[in-house]
Amino acid sequence: MSESFVVALALEGQLRLDDQPALHQAVAVARQQGASQGQDLSLVPGKLIVLACRPQGQHLRGPHQRRLAAQALASLQTRLAAESIPLLHFPQHNTAAALQLLAPLVQPQVVLHCRESRLFDDWPLARESFPRVFAEFRRGLGQAPKPPLPLPDLGGLGGLRLEGAWGWREPTGIDAAAEAAGDSAGERGATDPRSAFPFAGDEASGLARLSHYCLESDGLHQYKEHRNGLVGTEFSSKFSPYLALGSLSVRRIWQTVLDYQALHGADEGSEWMKQELLWREFFLWTAQRHGASFGAPGGLQNRRSDAIEDRELFERWCRGRCGHPLIDAQLNELRTTGYLSNRGRQWVASHFINELRLPWTWGARFFEWWLIDAQPALNTGNWAYLAGVGNDPRSFNGPPRRFDLERQVRLYDPDQMHRRRWS
Ligand SMILES: Cc1cc2nc3c(=O)[nH]c(=O)nc-3n(C[C@H](O)[C@H](O)[C@H](O)COP(=O)(O)OP(=O)(O)OC[C@H]3O[C@@H](n4cnc5c(N)ncnc54)[C@H](O)[C@@H]3O)c2cc1C
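Residues numbered from 1 in each chain as written. Predicted model: local features only at pLDDT ≥ 70, side-chain atom pairs only at ≥ 80, totals over all residues. Heavy atoms only, no water.

Caption draft 1: Here's a closer look at unusual backbone geometry. Phi angles above zero are rare outside glycine, and Asp19 is one such case at about 45°. Counting through the fold element by element, Asp19 comes out in the loop between strand 1 (6–10) and helix 1 (21–36). For Arg357, which is not glycine, the phi dihedral falls at a positive 60°. Tracing the backbone shows Arg357 in the loop between helix 14 (342–355) and helix 15 (360–370). (Helix = DSSP H or I, 4+ residues; strand = E, 2+ residues; numbered from the N terminus.)

Here it is, written out as structure tokens:
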């Protein structure tokens, strides 16, 4: 058993080092420990270990998101190894259970937990009267997000010797064949040249994408105009997979948009991006406010459902064979690559709810498995919104909004480029 003072940082699904308040705290506690022992700080601070466990209540990741998560973890492990800081991976256990497993090797004196990356640390508006409508949320915000934190100096915090635990990975208990089949779907998605998300999931790739989209290309400037596109890497930012994995901080994105605005002025593209990041925030806090009712069939509005539980139709739909060529093409793209444009997601969900009349929670569950950026609060929030049981004010006194698919195609895929690509 180690004699050192050990600080454990539990990532809790936040797979980055940038803008991690808990990492700063961990570093401060470890260095302080050196000081309180009256020793030379630079020589004998406490030791840091990093735990990558399954966050409490985390959904089971589908093949595409699992592939990105593996990339993000491998890269973190390499970066921490350069400082001799061990990263221990427990895909099946939460932090408390992992600490018990580790107890014979090491018992950290302090455990600090990372939090999901949000623009605001605490309720941005009063919890009790949290608005149901996005416009009210946006208008009511009285505070600006805090700037992101830089990477702390990790020098001297590594070197804890954990016999046999270096880069240790818990043996997985879930069905290995199912996992292998899922992983091969993930691999195929990575190499499909049609993918709108051909990027890796690690922190460096997220920061590179951020810089490319906001500062080096015209992406942010043209965001409002292009965001309803369907094909290619540049019609939208593609930040969502990084946000879902916590390999990019939303405050870092916000700050980069502000940096862009300082250089070029606050144009429509950059203002619209801020609005979309606020949508993300709105759904995260709304999910926290309402708990289980947020994802229940009747949603926040506690509405009676008239959906039809047709399992055969649902299974055909899952295989991308519902018979509507536009929808089948979208589903084909989703299953092959894990990414789907926002417009595509809206069409698929609207068709599922209004034309097929299937229960929206089934569609949401399917998305959660296949999406490379699956994030339950955002997925549920958007599905419930379109099903007319969530935050859409139009649905409070009427039916859900319905997309006229023929009209939508004329507007957004007039040359049928998407359909031809994914049929
Ligand atoms: C049925 C349905 C399910 C969805 N499920 C998810 C999901 O599981 N995970 C997820 O991240 N997004 C989800 N979205 C929201 C949105 O489609 C994606 O965030 C977006 O398409 C991701 O691509 P991007 O990063 O290029 O987006 P951009 O258009 O570049 O937007 C930038 C960021 O703003 C946020 N954002 C944009 N649109 C929305 C929105 N409608 N709701 C909340 N935040 C938004 C995201 O964080 C996104 O990364 C869903 C939308 C629908 C209609």
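Caption draft 2: Structural detail: the site of the ligand. If you check the shell around the ligand, you find 26 residues, and the closest are Tyr223, Ser236, Ser237, Lys238 and Asn342. In the model, an oxygen atom of the ligand is placed 3.1 Å from a nitrogen or oxygen of the Gln375 main chain. Within the side chain of Asn379, an N or O atom sits 3.2 Å from a nitrogen atom of the ligand. For the ligand, the protein covers 97% of the area, taking 820 Å² as the surface of the free molecule. When residues of the shell around the ligand are traced back to their parent elements, those giving at least two are helix 8 (240–245), helix 10 (268–290), helix 14 and helix 16 (376–387). The residue inventory of the shell around the ligand, partitioned by class, reads 13 nonpolar, 8 polar and 5 charged. (Near = heavy atom within 4 Å. Polar contact = N/O pair within 3.5 Å; in protein donor to acceptor, adjacent residues only side chain to side chain. Areas by Shrake-Rupley, 256 points an atom, 1.4 Å probe, with all protein chains shown as cover. Nonpolar A, V, L, I, M, F, W, Y, C, P; charged D, E, K, R; others polar.)

Caption draft 3: Quick peek at the environment of Phe282. Note on placement: Phe282 falls in helix 10. Under the relative-accessibility criterion, Phe282 is labelled buried at 0%. Taking C-alpha positions, Phe282 is 10.0 Å from Ala135, a pair spaced 147 residues apart along the chain. The contact partners of Phe282, leaving out residues within four places of it in the chain, are Phe130, Pro131, Arg132, Val133, Phe134, Phe137 and Asn391. (Buried < 20%, exposed > 50% of the residue type's maximum accessible area, 1.4 Å probe, protein only. Contact = heavy atoms within 4.5 Å.)

Caption draft 4: Expanded view of the domain arrangement of the chain. You can read the domains of the chain as domain 1 (6–115) and domain 2 (311–422). Just the C-alpha atoms count here: the centres of domain 1 and domain 2 sit 37 Å apart. Between domain 1 and domain 2, the contact holds 9 residues from the first and 13 residues from the second. Around 780 Å² of area is buried between domain 1 and domain 2 when both sides are counted, 62% of it from carbon and sulfur atoms. The interface formed by domain 1 and domain 2 contains 0 salt bridges. Linking domain 1 with domain 2 are 3 residue pairs in polar contact (both at pLDDT 80 or more), by the criterion used here. (Domains from an automatic or database assignment. Buried area = accessible area lost by both parts, 1.4 Å probe. Salt bridge = Lys/Arg side-chain N within 4 Å of Asp/Glu carboxyl O.)

Caption draft 5: Structural view of the state of the cysteines. Following the criterion strictly, the structure yields 0 disulfides and no others. For the unlinked cysteine Cys53, the closest cysteine sulfur is that of Cys114, found at 11 Å. Judged by relative accessible area, which is 8%, Cys53 ranks as buried. The class for Cys114 is buried, based on a relative accessible area of 6%. (Disulfide = S-S within 2.5 Å.)

Caption draft 6: Structural view of the environment of Ser217. By secondary structure assignment, the location of Ser217 is in the loop between helix 6 (203–216) and helix 7 (223–226). Once the C-alpha coordinates of Ser217 and Gly390 are considered, the two residues, 173 residues apart in sequence, prove to be 36 Å apart. Excluding anything up to four places from it in sequence, Ser217 contacts His212 and Glu234.

Caption draft 7: A look at the packing of aromatic side chains. All chains considered together, the criterion is met by 23 aromatic pairs. Their ring planes at 55° and their centres at 5.6 Å tell us that Phe197 and Tyr242 sit as a pair that is tilted. In this pair, Phe197 is assigned in the loop between helix 5 (176–191) and helix 6 and Tyr242 in helix 8, connecting sequence segments 45 residues apart. Each member of the pair, Phe197 as well as Tyr242, is classed as buried. Taken together, a centroid distance of 5.0 Å and an interplanar angle of 85° make the contact between Phe367 and Trp383 edge-to-face. Here Phe367 is found in helix 15, whereas its partner Trp383 is found in helix 16, with 16 residues between them in sequence. A single burial state applies to Phe367 and to Trp383, both of which are buried. Of note, Arg194 hangs over the ring of Trp422, and the distance from its end group to the ring centre comes to 3.9 Å. One Lys or Arg, Lys238, reaches over the ring of Phe235 and ends 3.6 Å from the middle of that ring. (Phe/Tyr/Trp six-rings, centres within 6.5 Å; stacked < 30°, edge-to-face > 60°. Lys NZ or Arg CZ within 6 Å of the ring centre and 35° of its normal.)

Caption draft 8: A look at the confidence of the model for the chain. Considering every residue of the chain, the mean pLDDT works out to 90; 91% of them sit at 70 or more. The low-confidence segment residues 166–178 (pLDDT under 50) makes 23 contacts with residues lying over four places distant or belonging to another chain. (pLDDT = per-residue confidence, 0-100.)

Caption draft 9: Region of interest: the pattern of salt bridges. One pass over the structure, following the stated rule, counts 14 salt bridges. With a closest N to O distance of 2.7 Å, Arg252 and Asp18 form a salt bridge. Here the residue Arg252 occupies a position in helix 9 (residues 250–264), and Asp18 occupies one in the loop between strand 1 and helix 1, the gap between them amounting to 234 residues. With a shortest N-O distance of 3.1 Å, Glu271 and Lys274 are connected by a salt bridge. Placement of both Glu271 and Lys274 in helix 10 is noted, with a separation of 3 residues, approximately one turn of the helix. If you follow the salt bridges from partner to partner, you end up with Asp121, Lys146 and Arg251 in one network.

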